[in-house]
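# Coordinate inspection notes
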Amino acid sequence: MTYTFVTLFPNLIEGYFKDSILKRAIEKNLLEINYLNPRDHSKNKHFKVDDTAVGGGAGMVMNPQPLFDALDDLKSKDEDVHIVFVTPVAKPFVQNDAKRLAKKSHIAFVSGRYEGIDERVIEKYADEVFSIGDYILTGGELASLVLCDAISRNKEGVLGNSESLEVESFETPLLEAPSFSKPQNYEGLSVPSEYLKGNHSKIRSLKLALSEAKTKFFRPEQLLKHKVTQRLS
Ligand code: SAM
């Protein structure tokens, strides 16, 4: 699977792939990472990529020309590339999107900067647009990395143990039950005693109860979804 990060600041992204799971996935040829800098496609003699907003308003907006040319170039090399823009003005990215997008062969993530991207670029080139939450970042690089990371772990072979995907939060509406590691007692704090007794059916029931309690506390709307799903099944 290939990712192309369309960004004015590739340095902000490169470091993330230099360690851990995604580094190993690149080494195993499961992932390939490319960068495309709109500045390299600017026809401005100073390689400018932004300008003031038409109609007024604070800040600079990314011009259409460098992005049109960069994305045309990308599409001419791979007509199957799936182009994703990250912007706060979009639906939130969720786990089902990560699983669905893991089936694509090539995804390009387009990161905005300044006050954002000229809307005509998004209208012309976006296959999808996503927000990563109701807050404003200085640029789209972190958001693009968030999507890339979440998608990649759903790609076969990227995680050492694919079972870990099955029990995670958001596979069902319930959040995952709390996890504990060794030792069983640490500085006077013990793990729940039921976890230690080896009765797997009791451990499962306890984990379900803890899962429901966590979901009720942190994400009550998810618990409601869980109850509806249970009633329908
Ligand atoms: N003026 C824009 C607005 O109010 O909607 C915000 C622009 S923001 C400072 C610059 C860039 O950061 C955006 O073009 C987008 O690519 C990225 N960005 C900021 N917040 C984001 C979010 N919550 N989700 C996804 N991308 C985001």
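Here we summarise the structure given alongside this text. (Residues numbered from 1 in each chain as written. Predicted model: local features only at pLDDT ≥ 70, side-chain atom pairs only at ≥ 80, totals over all residues. Heavy atoms only, no water.)

What follows covers the environment of Gln65. Tracing the chain through its elements places Gln65 in helix α3 (residues 64–77). The exposure class of Gln65 is partly exposed, given its relative accessible area of 25%. Put simply, Gln65 and Pro38 are 27 residues apart on the chain and 8.9 Å apart in space, counted from C-alpha to C-alpha. Those residues in contact with Gln65 that sit more than four places away from it in its chain are His41, Ser42 and Lys43. (Helix = DSSP H or I, 4+ residues; strand = E, 2+ residues; numbered from the N terminus. Buried < 20%, exposed > 50% of the residue type's maximum accessible area, 1.4 Å probe, protein only. Contact = heavy atoms within 4.5 Å.)

Every one of the 19 residues lining the ligand counts as a neighbour, but Val86, Gly112, Glu115, Gly133 and Tyr135 are closest to it. In the environment of the ligand, a nitrogen atom lies 3.0 Å from a nitrogen or oxygen atom belonging to the side chain of Glu115. Here a nitrogen atom of the ligand sits 3.0 Å away from a polar atom, N or O, in the main chain of Leu137. In the shell around the ligand, the residues fall into 10 nonpolar, eight polar and one charged. (Near = heavy atom within 4 Å. Polar contact = N/O pair within 3.5 Å; in protein donor to acceptor, adjacent residues only side chain to side chain. Nonpolar A, V, L, I, M, F, W, Y, C, P; charged D, E, K, R; others polar.)

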